[in-house]
Amino acid sequence: MIWRIEIKDRPGIFDAAGDSVLKDILDCGIHSVKEVNLIQVYLIEGEIQEGAARAIASELLVDSVVQDYSIFSEKTILSQPYSGGRTVEIAYNPGVMDPVEESTLKGIRDLGISPVSAVRTSRKYLLHGHPTEKEFDFIINKVLMNKLIQHAVSDPKAQFKSLSMGSSKHRGVDLVQVNLLGADDKKLLKISQEG
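(A) Seen up close, the pairing of strand β4 (residues 85-92). With 7 bridges joining them, β4 and strand β5 (residues 116-129) adopt antiparallel strand pairing. Bridge pairing in β5 links R86 to L127. Relative to strand β6 (residues 150-152), β4 is paired through 3 bridges, and the arrangement is antiparallel. The partner of Y92 across the bridge, within β6, is Q150.

Next up, the structure:
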C-alpha cells in the first residue's frame, strides 16, 4: 500500500521556501503570480496501516508547531483542485538519488515501523494568481525543475503504483546498476565509455 503525506505550513506562518520561489519568478519578469506556497509530499510504500502512516507524519515528518499534515491513500480522494491559481508538483525522475528518501527510511526504521519498502518525495507548489499558459510552462521548466533529474507530475493519483525500482524497466527508464565503489580512474573511464 502507498500512503501520500502532504506537509504544509500552518496559516499565518511565513513560507520562506515559497517566498524564495516567488522572488525567482518575479526576477524572470512574471508578475501574474502574487504568492507561492510549498507543500512537501512524501509517498510511503509498505504494508502499514493508517495509524503507522499517521505516526510517521506526526513523529517524523511534521514540525507540529508550525506545520500541518494530510494523509491520503489509494482509496481516498486527493485534495480538491486549487481554484486560486495554478498547482504543479515536481518529483525526481526514477533512479535519481534523493537523500531525503534515505534519511526518511532510516527515521521510519528508528520509529520501529516496518515493513516500509520505499519512500519518494516531491514538492507541490501553489501559485496564487493567474499566469498564462506560456508563463506557467516557463515557471515549471526554468524556475521549479531541472529537466535532467526532475519531472512535473501529470497525475498525482498515478503515483499510487509501486515506488520500488524492482524491475529493470520502470516508467520507460532502463535501470542499470553500476558498482563505482573502489573503481580506479581506468575502470571509471571504461564505465563511462560503455554508457
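(B) Region of the structure containing helix α4 (residues 133-144). Over its 12 residues, α4 extends 15 Å from the first C-alpha to the last, a length consistent with the 16 Å expected when each residue adds 1.5 Å. Among the residues of α4, those classed as buried are F136, I139, I140 and L144. One side of α4 carries all its buried residues, which in axial view fall inside an arc of 95 degrees. α4 presents K134 and K142 as exposed residues on the side facing more than 90 degrees away from its buried surface.

(C) Main features of the nonpolar core. By size, the foremost hydrophobic cluster in this structure holds 18 residues, and its most contacted members are I5, I44, I48, I56, I108, I113 and V116. Contributions of two or more residues to this core are made by β1 (2-9), β2 (33-46), α2 (50-61), α3 (99-110) and β5. Ranked by residues supplied to this core, first place goes to α2 with 5 residues. Those residues in contact with I113 that sit more than four places away from it in its chain are I48, A52, A55, I56 and I108. Of all hydrophobic cores here, the second largest spans 16 residues; its members include L22, I30, V33 and I139.

(D) The pattern of salt bridges, seen in detail. On inspection of all chains with the given rule, the structure shows 11 salt bridges. We note a salt bridge from E102 to R109, for which the minimum N-O separation is 3.9 Å. Look at the salt bridges and you will find they share partners, linking R4, E6, E89 and K124 into a network.

(E) A nonpolar patch on the surface, seen in detail. Judged by side-chain polarity, V178, L180 and L188 come together as a nonpolar surface patch covering roughly 240 Å² of accessible area. Tracing the chain through its elements places L188 in helix α5 (residues 185-193). Residue L188 is classed as partly exposed on the basis of its relative accessible area, which comes to 35%.

(F) Local environment of the sheet that holds β4. With respect to topology, 6 strands assemble into an open sheet ordered β3-β1-β2-β5-β4-β6, the strand pairing being antiparallel. Looking at the sheet topology across the chains shown, the edges are occupied by β3 (67-73) and β6. Direction aside, neighbouring strands of the sheet carry axes that sit 25 degrees apart on average. Of the strands in this sheet, β2, β4, β5 and β6 touch α4, which is tilted by about 30 degrees from β4.

(G) Just the environment of Q49, in detail. In this structure, Q49 sits in the loop between β2 and α2. Residue Q49 is classed as exposed on the basis of its relative accessible area of 61%. Distance from Q49 to W3, taken between C-alpha atoms, is 9.2 Å for residues 46 residues apart in sequence.

(H) Here's a closer look at unusual backbone geometry. Here S114 and P115 are connected by a cis peptide whose omega angle stands at -5 degrees. Mapped onto the elements of the fold, P115 is located in the loop between α3 and β5.

(I) View of the environment of R54. Along the polypeptide, R54 turns up in helix α2. The exposure class of R54 is partly exposed, given its relative accessible area of 35%. Considered as a pair, R54 and Y69 are 15 residues apart in the sequence and their alpha carbons are 9.0 Å apart. Residue contacts for R54: discarding those within four places in its chain leaves Y69 and I71.

Analysis parameters
- Residues numbered from 1 in each chain as written.
- Predicted model: local features only at pLDDT ≥ 70, side-chain atom pairs only at ≥ 80, totals over all residues.
- Heavy atoms only, no water.
- Pairing = 2+ DSSP bridges.
- Helix = DSSP H or I, 4+ residues; strand = E, 2+ residues; numbered from the N terminus.
- Expected span 1.5 Å × (residues − 1).
- Buried < 20%, exposed > 50% of the residue type's maximum accessible area, 1.4 Å probe, protein only.
- Arc of directions from axis to C-beta.
- Core = buried A, V, L, I, M, F, W, Y, C linked by side-chain atoms within 4.5 Å.
- Contact = heavy atoms within 4.5 Å.
- Salt bridge = Lys/Arg side-chain N within 4 Å of Asp/Glu carboxyl O.
- Patch = residues over 30% accessible without salt bridge, like charges linked within 9 Å, V, L, I, M, F, W, Y side chains within 5 Å.
- Areas by Shrake-Rupley, 256 points an atom, 1.4 Å probe, with all protein chains shown as cover.
- Axes fitted to C-alpha atoms, helices over the stretch in contact; angles between N-to-C directions.

These figures come from the coordinates and say nothing about function on their own.
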